[in-house]
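Overview (structure and organization)
The lines below spell out each chain.
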Amino acid sequence: MARIRKGDQVKVIAGKDKGVEGKIIGVLENDRVLVEGVNRVQKHTRAGQTGTEGGIITAEAPIHVSNVMLVVDADGGKTTTKVGSGVVDGKKTRISRKTGKEI
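Residues numbered from 1 in each chain as written. Predicted model: local features only at pLDDT ≥ 70, side-chain atom pairs only at ≥ 80, totals over all residues. Heavy atoms only, no water.

**Let's talk about the overall build of the protein**
The condition is simple: Here a strand is any run of E in DSSP of at least two residues, a helix any run of H or I of at least four, and the numbering for each starts at the N terminus. A 1.4 Å probe rolled over the protein chains alone gives each residue an accessible area, and that area as a share of the maximum for its type sets the label: buried under 20%, exposed over 50%, partly exposed in between. Every residue pair with non-hydrogen atoms within 4.5 Å of one another is taken to be in contact. To measure how exposed things are, a 1.4 Å probe is used in the Shrake-Rupley method; for residues, cover is taken only from the protein chains shown. Note that His is not counted, nor are the chain ends; the positive residues are Lys and Arg, and the negative ones are Asp and Glu. Throughout, a charge is located at the NZ atom of Lys, the CZ atom of Arg, the CG atom of Asp or the CD atom of Glu.
Along the backbone of the protein there are zero helices and 10 strands. Counted from the first residue to the last, the protein has its helices and strands arranged as β-β-β-β-β-β-β-β-β-β. The C-alpha extent of the protein, read off along each of the three principal axes, is 55 × 30 × 25 Å. Classification of the 103 residues of the protein by burial places 26% in the buried group. Here the contacts in the protein between residues at least 6 apart in sequence split such that 36% fall between residues at least 24 apart. Carbon and sulfur atoms form 46% of the exposed surface of the protein, whose accessible area is close to 7200 Å². On the protein, the mean spot of the 19 positive side-chain charges and the mean spot of the 12 negative ones are 4 Å from each other.

Here it is in structure tokens:
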């Protein structure tokens, strides 16, 4: 079971974008994730034969999953938490270690 999934709200805990919150837009192999607005890099692209224009585009680069921490709503505010696993109604689910609630 994956601890971090696409669509989760996370906070960066290490690296040049430390402290920034964003949404997971993709989970890649090798324990890497794409976070919206984090680790943005500029790519130089060539014009293609199909009509695509060349130029400089800005895109998110992947970061390691160990550098992000899940953000959950707790008592009206947001807090970071570890992700644990538990059984709710006979199904294996993700639970917040701080609040004990299902994610």
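**Regarding the nonpolar core**
In globular proteins that are soluble, nonpolar side chains generally tend to be buried together. Counted only if it meets this: In plain words, nonpolar cores are sets of buried Ala, Val, Leu, Ile, Met, Phe, Trp, Tyr and Cys residues tied together by side-chain atoms within 4.5 Å.
If you look at the biggest cluster of nonpolar residues, it comprises 12 residues: Ile-4, Val-10, Val-12, Ile-24, Val-33, Val-35, Val-38, Ile-63, Val-68, Leu-70, Val-72 and Val-83. Every element with two or more residues in this core is listed here: β1 (9-12), β3 (32-35) and β7 (68-74). By residue number, the principal contributor to this core is β7, which donates three residues. Leaving out residues up to four positions away in the same chain, Ile-24 has contacts with Ile-4, Arg-5, Lys-6, Gly-7, Asp-8, Val-10, Val-33, Leu-34 and Val-35.

**Some details on the pattern of salt bridges**
Stated formally: What counts as a salt bridge is simple: a side-chain nitrogen of Lys or Arg found within 4 Å of a carboxyl oxygen of Asp or Glu.
Inspection of the entire model under this criterion finds two salt bridges. In this structure, Asp-8 engages Arg-94 in a salt bridge whose closest nitrogen and oxygen atoms are separated by 2.8 Å. Residue Asp-8 is located in the segment before β1, and its partner Arg-94 is located in strand β10 (residues 91-96); the two are separated by 86 residues in the primary sequence. By relative accessible area, Arg-94 is classed as buried at 7%. The salt bridge partner of Arg-40 is Glu-60, with a shortest N-O separation of 2.7 Å. In this pair, Arg-40 sits in strand β4 (residues 40-45) while Glu-60 sits in strand β5 (residues 55-60), placing the two residues 20 residues apart along the sequence. Overall, Arg-40 belongs to the partly exposed group, its relative accessible area being 41%.

**Examining the UniProt feature "domain: KOW" (unreviewed entry) in the protein**
What counts here: UniProt positions are given in the numbering used here, feature names are shortened, and annotations may be inferred rather than shown by experiment.
The residues that UniProt annotates with the feature "domain: KOW" (unreviewed entry) are residues 3-30. For the annotated span residues 3-30, helix accounts for 0% and strand for 43% of the residues, and the straight-line distance between the end C-alpha atoms is 14 Å.

**Digging into the side chain of Asn-39**
Considering the arrangement of structural elements, one finds Asn-39 in the loop between β3 and β4. Residue classification places Asn-39 among the buried residues on the basis of a relative accessible area of 16%.

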